Amino acid sequence: MIKRVLLGLLLVLLALVAAVAVNTWRTPSRQLAVPAAPKLSVDVDAAAKRLAGAIPIRTISSLDDIAGNNAEFDKLHAYLAQQFPQVHATLKREVVGQKALLYTWTGSDPAAKPIALMAHQDMVPIAPGTEKAWSVDPFAGVIKDGYVWGRGALDNKGNLFAQMEAIELLIGSGFKPRQTVYLVMGDDEEVSGLRGAVPIVELLKSRNVRLDWVLDEGLLVLDGVLPGLSKPAALIGLAEKGYATFFLSLDTAPGHSSMPPARSAIGSMSAALARLEATPMPGGIQGVAGEMFGTLAPEMSGMNRVMLSNLWLTGALVTSQLEKSPSSNAMLRTTTALTIVRAGNKDNVLPGRAEAAVNFRVLPGDSLASVEAHLRKALGNDAIQIKAYPGNSEPSPVSPTDSAGYLAVQKAVREVFTDAVVAPGLMTAATDSRHFTGLSDSVYRFSPFRVKNEDLARFHGNNERLAISNYAEMIQFYHQLLRNTAQPQ
Ligand SMILES: [Zn+2]
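**Here's the deal with the packing of aromatic side chains**
The way to describe two aromatic rings as a pair is by their centre distance and the angle between their planes.
Next up, step 1: Considering all chains together, one arrives at eleven aromatic pairs under this definition.
Next up, step 2: Measuring from ring centre to ring centre gives 6.0 Å for F246 and F360, while their planes differ by 75 degrees; the resulting arrangement is edge-to-face. Placement of F246 in strand β9 (residues 242-251) and of F360 in strand β13 (residues 353-362) is noted, with a sequence separation of 114 residues between them.
Next up, step 3: For F246, a relative accessible area of 1% translates into the label buried.
Next up, step 4: Both rings, one in F477 and one in Y478, keep their centres 5.1 Å apart while their planes meet at 65 degrees; by these two values the pair is edge-to-face. Taken as a pair, F477 and Y478 share a single burial class, namely buried.
Next up, step 5: In this structure an aromatic cluster arises from ring pairing among Y79, F84 and F161.
Next up, step 6: The lysine or arginine in question, K144, covers the ring of W149, its NZ or CZ lying 5.4 Å from the ring centre.
Next up, step 7: A cation sits over an aromatic face here: R465 above Y147, 3.8 Å from the ring centre.

Okay, structure coming up:
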């Protein structure tokens, strides 16, 4: 009898192992097979000098001082016109809002829907006190050790100048796009996009423009960042998370601290916040994260491949592993961050009011309303007043992976970054492209930067720099992407 049970168990185990093995090795690669593009002849040193020449132009945007840096933006506009004469002779250029730029490169096929490439002119300042942590002057436009150094080299003058270089080359070779191409270059992306991208969207709407697809800055070519993947992963952002801050307040009777009540405002608020933090919003490997891991699994090796190819069996385990790292946890769910807490101003007085702020980053599929309902329930205290911050935004819609836009970006990546695999991904930060979701169903977020783990902190951080060898690839990427729009996919 025992023998028979053991035999039965062994058979079940064997079947399970067989199923896992079959799933692992039979899941086909989803990578597009295309030949490498012939290497574009670019004078990359001259191009790097043009980019470095824009680094000293301090196009820093500010939320409050709206026009403070207008002169710097004017300088950048003049510099672009001087450095890219053919672009400026061929494309129509409009200054929109204050200093945002819209270029129109009219296509040969009036029936074809236009496309838009985006990049932003503005950048973040150097955080006070961090200047010394830079190995070069962040605004000198230094070229050293094969890199262009300085604030904006990656975010986002790198993209903007690479697009300009590509178009200058294309015009020089007699190329005409089939689809009209818009270049959208906001001047306040880092502080909202309300003064740059939004008026451009309104202008295009007033002209009845519908876009076939949009490509903005976004996810990167990650090298050695994803465990189990030896090849670089070029991730194309299909969506970006929403932003939701709620202000909480709790009023109680103030009093003398010599006779405190059992429950103070501070104690009640703290208990509610602790409950909230202990109750994350539900999540898992689904939606965009599911598509990403499903696409990457066949490209992986070892246990990572086995685990990700068999989520029917390993889902709970893999999810709990991913939840341990804040960056991968952010791909799986709407995150909850306690950001402000405030109460009391004298050591012997019980405050009558305790306040707090909570910031959520909202996963596509959740909404501002569902987050607020979760918040109310998790706090577990109806006496707490909840007020939504007026600047909250819903998550973006999720763009498809079978559209002409996704296929074009994917193809150009595979043609130029021949060692990389392509997968869809989720942007956990905001870009100007979120304002364009009313103009197109196909909005993608990808920056052709090669980055290793240590480079991630250079965005908005110290020692921002762009490898000149990578810059050559970036120029070729946009060149290839635009060339591909001339012929049907
Ligand atoms: Zn940016």
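**Thoughts on the pairing of strand β15 (residues 421-427)**
Next up, step 1: Across the seven residues of β15, seven count as buried, placing the element largely inside the fold.
Next up, step 2: What you see with β15 is no split at all: V421, A423, G425 and M427 on one side and V422, P424 and L426 on the other are buried throughout.
Next up, step 3: Of the pairings in the sheet, the one linking strand β8 (residues 233-240) to β15 comprises seven bridges and is parallel in character. Note on β15: the bridge partner recorded for I236 is P424.

**Some thoughts on the side chain of Q163**
Next up, step 1: For Q163, the location among the structural elements is in helix α5 (residues 157-172).
Next up, step 2: Assessed through its relative accessible area of 1%, Q163 is described here as buried.
Next up, step 3: One polar contact links the side chain of Q163 to the main-chain carbonyl oxygen of M118, over a distance of 3.2 Å.
Next up, step 4: Discounting residues that sit within four places of it in the chain, Q163 has contacts with L117, M118, A119, L183, M185 and Y478.

**Structural notes on the sheet that holds β9**
Next up, step 1: In space, the four strands of this open sheet follow the order β11-β13-β9-β14, with antiparallel pairing throughout. Each edge of the open sheet carries a strand with a single partner, namely β11 (335-343) and β14 (385-388). Averaged over all pairs of adjacent strands, the angle between their axes in this sheet comes to 20 degrees, without regard to strand direction.
Next up, step 2: As paired strands, β9 and β14 are joined by four bridges and run antiparallel to one another. Residue pairing across strands places F246 opposite A388, the latter belonging to β14.
Next up, step 3: Seen against the sheet, helix α7 (residues 265-277) touches β9, β11 and β13 and runs at an angle of roughly 15 degrees to β13.
Next up, step 4: Docked against the sheet, helix α12 (residues 368-379) engages β9, β13 and β14, running at close to 35 degrees with respect to β9.

**A few points about the pattern of salt bridges**
Next up, step 1: One pass over the structure, following the stated rule, counts 20 salt bridges.
Next up, step 2: One salt bridge in this structure joins E323 and R333, with 3.1 Å as the shortest N-O distance. Taken together, the residues span a long stretch of sequence, with E323 in helix α10 (residues 311-323) and R333 in the loop between α11 (326-332) and β11 at a distance of ten residues.
Next up, step 3: Here the salt bridges share partners, and the residues they tie into one network are D251, R342, R353 and E355.

**So, the pairing of strand β6 (residues 181-185)**
Next up, step 1: Of all the five residues making up β6, five are buried; the element is thus mostly covered by neighbouring parts of the structure.
Next up, step 2: Where burial is concerned, the two faces of β6 agree: the one with V181, L183 and M185 and the one with Y182 and V184 are both buried.
Next up, step 3: The pairing of strand β2 (residues 100-105) with β6 spans five bridges and is antiparallel. By the bridge assignment for β6, Y103 is matched with L183.
Next up, step 4: One ladder, built from four bridges, connects strand β3 (residues 115-118) with β6; its direction is parallel. Its bridge partner being in β6, I115 is matched across the sheet by V181.

Analysis parameters
Residues numbered from 1 in each chain as written. Predicted model: local features only at pLDDT ≥ 70, side-chain atom pairs only at ≥ 80, totals over all residues. Heavy atoms only, no water. Phe/Tyr/Trp six-rings, centres within 6.5 Å; stacked < 30°, edge-to-face > 60°. Helix = DSSP H or I, 4+ residues; strand = E, 2+ residues; numbered from the N terminus. Buried < 20%, exposed > 50% of the residue type's maximum accessible area, 1.4 Å probe, protein only. Lys NZ or Arg CZ within 6 Å of the ring centre and 35° of its normal. Pairing = 2+ DSSP bridges. Polar contact = N/O pair within 3.5 Å; in protein donor to acceptor, adjacent residues only side chain to side chain. Contact = heavy atoms within 4.5 Å. Axes fitted to C-alpha atoms, helices over the stretch in contact; angles between N-to-C directions. Salt bridge = Lys/Arg side-chain N within 4 Å of Asp/Glu carboxyl O.

Shape is all these values report; function is a separate question.
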